[in-house]
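Below, each chain spelled out in residue letters.
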Amino acid sequence: MIDDGHLDLSSHDAFSGGVPHRTFARLRAEEPVHWTPEHDGGRGFWSVTRHADILTANGNNAVFSSGQGIRIEDQTREEYLARRTFQETDPPEHRITRKLVNPAFSRPAITRYEAMIRSLAAEIVDEALSNDEFDAVEVLAKRLPMMMLGRILGVPDADLPWLVEKGDALIGNSDPDFTDTVIDKMDTQAYRFMPFRSPAGVELYDYADAVLRGDKPVDPEGVLARVMAANAADGVMEARDFKNFFCLLVAAGNDTTRYSISMALYELTRDPSLLAQLRSGTVWDTAADEFIRLASPTMHFRRTATGDTELGGQAIRAGDKVILWFVSGNRDAQVFDQPDRVNLARNPNPHLAFGQGGVHLCLGMWLARLEIRVLLEELSSRLAGIEALGEPAWTRSNFICGVKSLPVRIRR
Ligand code: HEM
């Protein structure tokens, strides 16, 4: 779909050729808090497009609450309760689980994985570069996040391709390349109590049940075993919470990092000078965040207004859905000099891709940053050039943005 500056942000098709950046740029300039009707029976939502307004709303969860769902889809109270994780709660409730799982994701905890990440990345890159032509997403971007998800969760490597396929089906529930049950094209009523309203949720629940029963042994050092042990002591999570938490990690811990890496690879094919900059070794402290800013893989999260309020000069009524378009804030020229340009040395880089400024700040951000950096370090040290052999294919989704395939030819 051609982005004429007026695309419908409620439509997945509007994103199937990549992010409609012209539409977001127009909204930031003309109508920064924009009423977006939904044509499929949804009740419509406010699109918040400017960096400053996103930060304001994200920092005020008493008024802009996560406690009625965080995606555009309207949910009944029952559906919400069945599917929610701590990401769909506000403080003080949110803090209970966050405190429990935070230590496993802290910067020092993740730094301990660096040697492991490096050796996995080296293996992945060596194998990829043994061919001259390949799909960069499949063989370079996808594998490291998948392997590390396994290490973090503590599940066997043999299960990972299956888990990733199911995670893709959850988060890519509007893309026919990832699921047969496309959310806006078929009746998904039967799955309304499942994560992402997806049949893959049923299968992931079964897997999590097997973990809970002890039928699927997990590494005692992994997050799942730690949560179960802490739970045995003080019962923070019910079985359903555990299963939803598991689905959240399988979904969130996988595609987002993949799509940041695939955005980096796409940019490398577009501008050969970027590879030279990476190889110079001078931009490693800043490059990963610049690629993450440009990728903004989770394009938005939703809040719901708890009372009548105002945002960016726009009146908002109690109960209205408010969509924080991080992907738009990340290209706001009020904050970023030449926002559409790749500047690997950008510093500071106050992007919002991890939900900065809010209590739900991404738990996986240190892991994601390290994976992206190390993979690119290992790749750039072995690569003389990379060119695209065709156009990238983008996810069909107004929630998750990414290059899902990119045929390339490389030079060593
Ligand atoms: C570049 C990669 C990633 C991006 C862009 C990203 C993006 C985000 C964003 C925007 C949020 C905030 C959601 C909100 O405000 O409601 C978030 C939260 C979260 N992310 Fe990530 N994420 C990434 C990687 C990961 C990884 C690798 C993991 C786990 C292995 C992860 C796990 C989580 C969890 C558990 C939360 C919920 C935190 C809470 O509610 O307190 N993410 N992520």
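All values reported here derive from a predicted model rather than from experimental measurement.

Peer 1: Break down the site of the ligand for me, with residues and values.
Peer 2: Not every one of the 28 residues close to the ligand is listed here, only the nearest: G253, T256, G355, C362 and G364. Contributions of two or more residues to the shell around the ligand are made by α12 (239–252), α13 (255–270) and α17 (365–380). Partitioning the shell around the ligand into residue classes produces 16 nonpolar, 11 polar and one charged.

Peer 1: Can you lay out unusual backbone geometry for me, pointing to particular residues and giving the numbers?
Peer 2: Omega for the peptide link from P91 to P92 comes to 5 degrees, which places this bond in the cis form. Summarising the element assignment, P92 is placed in the loop between α3 (77–83) and α4 (93–105). Following N347, the chain continues into P348 via a peptide bond in cis, with omega recorded as 5 degrees. By the element assignment, P348 lies in the loop between α16 (326–329) and α17. Positive phi is not limited to glycine here, since S296 has a value of about 35 degrees. Within the secondary structure, S296 sits in the loop between α15 (287–295) and β5 (300–305). Its identity is not glycine, yet Q338 carries a phi of approximately 45 degrees, on the positive side. Given 9 C-beta atoms within a 10 Å radius, Q338 is considered exposed.

Peer 1: How would you summarise the sheet that holds strand β4 (residues 133–135) if you had to cite specific residues and measurements?
Peer 2: Spatially, three strands are ordered β4-β12-β9 in an open sheet, and the strand pairing comes out antiparallel. What marks the edges here is a single partner per strand, and that holds for β4 and β9 (385–388). Taken pair by pair, the neighbouring strands of this sheet meet at an average axis angle of 30 degrees, ignoring direction. Relative to strand β12 (residues 407–411), β9 runs antiparallel, the two sharing four bridges. Paired with G385 across the strands is R411, a residue of β12.

Peer 1: Describe α15, listing the residues and the values that go with them.
Peer 2: Summarising burial for α15: nine of the nine residues are buried, a large majority. Inspection of α15 places A287, A288, D289, E290, F291, I292, R293, L294 and A295 among the buried residues, and these make up the whole buried set. Turning to α15, the residues buried within the fold contact α13, α14 (272–280) and α17. Just downstream of α15 lies S296, where phi reads positive at about 35 degrees.

Peer 1: Which residues make up the environment of E238, and what values go with them?
Peer 2: Locating E238 in the fold gives a position in the loop between α11 (223–234) and α12. A count of 10 C-beta atoms within 10 Å places E238 in the exposed class. As for E238 and E387, which are separated by 149 residues in sequence, their C-alpha atoms are 50 Å apart.

Peer 1: Tell me what's going on with the packing of α4 against α11, and back it up with residues and numbers.
Peer 2: Packed helices, taken two at a time, are described by their axes: the angle between them and the distance between them. Where α4 meets α11, the axes come as close as 10 Å, and the angle between the chain directions of the two elements is 145 degrees. Pair α4 / α11 crosses with right-handed handedness. For the pair formed by α4 and α11, the contact residues are L100, V101 and A104 on the first element and V223, R226, V227 and A230 on the second. For the contact of α4 with α11, the class distribution of residues is six nonpolar, no polar and one charged.

Definitions and limits used
Residues numbered from 1 in each chain as written. Predicted model: local features only at pLDDT ≥ 70, side-chain atom pairs only at ≥ 80, totals over all residues. Near = placed C-beta within 6 Å. Helix = DSSP H or I, 4+ residues; strand = E, 2+ residues; numbered from the N terminus. Nonpolar A, V, L, I, M, F, W, Y, C, P; charged D, E, K, R; others polar. Buried ≥ 20, exposed ≤ 12 C-beta atoms within 10 Å, placed from the backbone. Pairing = 2+ DSSP bridges. Axes fitted to C-alpha atoms, helices over the stretch in contact; angles between N-to-C directions. Contact = placed C-beta atoms within 7 Å. Left-handed = near helix turned anticlockwise from the far one by under 90°.

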